[in-house]
Amino acid sequence: MKNKKILIVGNLYPLAQKLSNEVEKVFVAPGDAMISEFAECVDIREDKPAELLEFAFENDIDLTIVVSEKAIASDIAGIFQANEKLIFAPSAESASFAINKSQGKRFLYKLHAPTPKFGNFEKLPLAIDYLKDANYPLVVRSDVSENGLDRLCCTNFERAKYFVEDLFSQNLEKVVIEEYAYGHEFTMYFVTDGYLVLPLTTVSNYKFTENGDGGYLTSGVGAYVPAYKVPEEIQQKVFKNVVVNAINSLEKKGTPYLGILGVDVVMTSPDTYTVLEFKPFIQNFDAQAVLNSIDEDLIDLFEACANGFFADEYEDVLLNDNVSVSCVVKSRKDDVIIPNIDLVESSVAYINAKKNKYFEYVAYKGDVLVLTATAKTLTRAKEILKEDLELIKFDGMKYRSDIC
């Protein structure tokens, strides 16, 4: 165990849990009741970088890891770096293309990367005019992700118009509209110091709430690693033609991107792809699967990036041959007891659950937890996940049963 103190800004349960077993102390801001079982929660908002910096100095924090988009957008990296406090996170300016989806779409266009036809709109009438002559289905979404209801796949004008009006009624500055891309969805994750960029792993993921890609479009409801359906040739094209070009472009601009970068992609045919958007860190629903596939010491990896030693110490990121399958478990009801959690073989990452006074796990409406089964084969991982989902079955429980 390393004699280090780590501050994680943003609630990413799998990362906090993993690091709590590897270092002396993990602090999480703001944290929650479930994270408090293995890390110390800090009552400071993610978008208060000055207060977080003061906490880091007062508590002799060795490394701050930022997983929160709000914290990145508040330029916590710039403030920490100006005060010579070690931080693993991109600056607000360098990460703007990953946080603001309209900027991300324009960036893809400048990189000449394949991406669905899109429009960025600041005024409602212009957006509605665009919808009248558009090809359906369309994906309509807010410029910045605030919650799981920020996007909708629309099959006709009436549905799209209603959702656009709803988004603008929330005083959003911009709305992004793009053609829906058919194909196999996956996310590639990379680690970079702003100059050298190396692949972490590739995750196949599921975005729709219902089996067979029906229901509502979300940021994610399931995933598996490795992404065996995505050919190596496609992954190399995304790496070289999109990610390396993006990192080089940001470096030339004087805003190098330091941290983890995710790229959402759709494989539209066996040898073609289209890029949807960028992500400024590992997403909650597939974080456990990603972390399970990495054999590197994460603290060493992140510190090498933050200290400027990345290119000297790493030629690649060491991965294992494990297979992980993840499933987001939702609840249609509040205050429902989740049985047998202590009996599952899968890793459990809590999103919206608590323990009551009887030490029972209680689910609340919405996304409750992520189960991730890991094994040496896909078949065995799927079996473990299926068995564990049966074990914890509760009233109002909902999940996709067709993952993998």
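Before reading on, note that the structure itself is shown above.
Residues numbered from 1 in each chain as written. Predicted model: local features only at pLDDT ≥ 70, side-chain atom pairs only at ≥ 80, totals over all residues. Heavy atoms only, no water.

Concerning the packing of helix H7 (residues 124–132) against helix H8 (residues 157–168)
Here is step 1: Across the interface, H7 lies against H8 with an axial gap of 10 Å and an inter-helix angle of 165°. When the axes of H7 and H8 are compared, the pair comes out roughly antiparallel. Between H7 and H8 lies a crossing whose hand is right-handed. Contact residues: H7 offers Leu124, Ala127, Ile128, Leu131 and Lys132, while H8 offers Phe157, Ala160, Lys161, Val164, Glu165 and Phe168.
Here is step 2: The residue makeup of the contact of H7 with H8, split by class, is eight nonpolar, no polar and three charged. (Axes fitted to C-alpha atoms, helices over the stretch in contact; angles between N-to-C directions. Helix = DSSP H or I, 4+ residues; strand = E, 2+ residues; numbered from the N terminus. Parallel < 35°, antiparallel > 145°, perpendicular 65-115°, else oblique. Left-handed = near helix turned anticlockwise from the far one by under 90°. Contact = heavy atoms within 4.5 Å. Nonpolar A, V, L, I, M, F, W, Y, C, P; charged D, E, K, R; others polar.)

Focus: the packing of aromatic side chains
Remark: the centre distance and the inter-plane angle together describe each pair of aromatic rings, the angle taken between the planes.
Here is step 1: Scanning the entire structure with this criterion turns up 16 aromatic pairs.
Here is step 2: Taken together, a centroid distance of 6.2 Å and an interplanar angle of 45° make the contact between Phe107 and Phe278 tilted. Of this pair, Phe107 sits in helix H6 (residues 101–110) while Phe278 is found in strand E14 (residues 272–279), placing the two residues 171 residues apart along the sequence.
Here is step 3: Sitting over the face of the ring of Tyr364, Lys354 holds its NZ or CZ atom 6.0 Å from the ring centroid. (Phe/Tyr/Trp six-rings, centres within 6.5 Å; stacked < 30°, edge-to-face > 60°. Lys NZ or Arg CZ within 6 Å of the ring centre and 35° of its normal.)

Quick look at the sheet that holds strand E19 (residues 361–363)
Here is step 1: The antiparallel open sheet is built from three strands, whose spatial order is E16-E19-E18. Because the sheet does not close on itself, it has two edges, and the strands there are strand E16 (336–338) and strand E18 (353–355). Averaged over all pairs of adjacent strands, the angle between their axes in this sheet comes to 40°, without regard to strand direction.
Here is step 2: Direction of pairing for E18 relative to E19: antiparallel, over a ladder of three bridges. By the bridge assignment, Lys354 is partnered in E19 with Val362. (Pairing = 2+ DSSP bridges.)

Considering the side chain of Arg141
Here is step 1: If you trace the backbone, Arg141 turns up in strand E7 (residues 138–142).
Here is step 2: We classify Arg141 as buried; its relative accessible area is 6%.
Here is step 3: Side chain to side chain, Arg141 and Asp150 meet in a polar contact 3.2 Å long.
Here is step 4: In this structure the side chain of Arg141 is engaged in a polar contact, spanning 3.1 Å, whose partner is the side chain of Glu277. (Buried < 20%, exposed > 50% of the residue type's maximum accessible area, 1.4 Å probe, protein only. Polar contact = N/O pair within 3.5 Å; in protein donor to acceptor, adjacent residues only side chain to side chain.)

Structural notes on the pairing of strand E10 (residues 184–192)
Each regular strand carries side chains that alternate between the two faces of the sheet.
Here is step 1: Along E10, nine of the nine residues are buried, which leaves the element largely enclosed by surrounding structure.
Here is step 2: Taking every second residue as pointing to the same face, both faces of E10 are buried, with His184, Phe186, Met188, Phe190 and Thr192 on one and Glu185, Thr187, Tyr189 and Val191 on the other.
Here is step 3: Where E10 and strand E13 (residues 259–269) come together, nine bridges link them in antiparallel fashion. From the neighbouring strand, Phe190 faces E13, where its bridge partner is Leu261.
Here is step 4: In terms of strand pairing, E10 meets strand E11 (residues 197–210) through six bridges, oriented antiparallel. Counterpart to Phe186 in the pairing with E11 is Ser204.
Here is step 5: Hairpin connection from E10 to E11: four residues lie between these consecutive antiparallel strands, with Gly194 at a positive phi of about 105°.

Notes on unusual backbone geometry
Here is step 1: Here the residue pair Tyr136 and Pro137 is connected by a cis peptide bond, since its omega of 5° sits within 30 degrees of zero.
Here is step 2: Looking at where Pro137 falls in the secondary structure, it is placed in the loop between H7 and E7.
Here is step 3: Following Val225, the chain continues into Pro226 via a peptide bond in cis, with omega recorded as 0°.
Here is step 4: At His112, a position not held by glycine, the phi torsion is positive, near 60°.

What about the pairing of strand E9 (residues 175–179)?
Here is step 1: By the criterion of burial, E9 is predominantly enclosed, with four of the five residues buried.
Here is step 2: The sheet contact formed by E7 and E9 spans five bridges and is antiparallel. Within the sheet, the bridge partner assigned to Val140 lies in E9 and is Ile177.

So, the layout of surface pockets
Here is step 1: When its volume is computed, the second largest pocket comes out at roughly 310 Å³.
Here is step 2: In this structure, the second largest pocket is lined by 18 residues; those nearest its centre are Leu200, Thr201, Thr202, Gln235 and Leu319.
Here is step 3: At the level of secondary structure, the elements contributing two or more residues to the lining of the second largest pocket comprise E10, E11 and helix H9 (232–253).
Here is step 4: Residue composition of the lining of the second largest pocket, by class: nine nonpolar, seven polar and two charged. (1 Å grid on protein atoms, 1.4 Å probe; cavity = no way out; pocket = protein on both sides within 12 Å on 5 of 7 lines; lining within 4 Å. Points joined across faces, edges and corners; volume = space filled by probe spheres on them.)

As for the side chain of Lys105
Here is step 1: Structurally, Lys105 can be placed in helix H6.
Here is step 2: The class of Lys105 is buried, set by a relative accessible area of 3%.
Here is step 3: Those residues in contact with Lys105, other than ones at most four positions away along the chain, are Thr115, Pro116, Phe118, Val176, Glu178, Val275 and Leu276.

A few points about the pattern of salt bridges
Here is step 1: This structure, assessed with the given rule, holds 31 salt bridges.
Here is step 2: The salt bridge partner of Glu210 is Lys398, with a shortest N-O separation of 2.7 Å. Of this pair, Glu210 sits in strand E11 while Lys398 sits in strand E21 (residues 397–398), and the two are 188 residues apart along the sequence.
Here is step 3: Look at Glu210 and you get partly exposed, because its relative accessible area is 34%.
Here is step 4: Of the charged contacts in the structure, one is a salt bridge between Asp213 and Arg400, with a shortest N-O distance of 2.9 Å. Linking Asp213 in the loop between E11 and strand E12 (214–225) with Arg400 in the segment after E21, this pair joins segments that are 187 residues apart in sequence. (Salt bridge = Lys/Arg side-chain N within 4 Å of Asp/Glu carboxyl O.)

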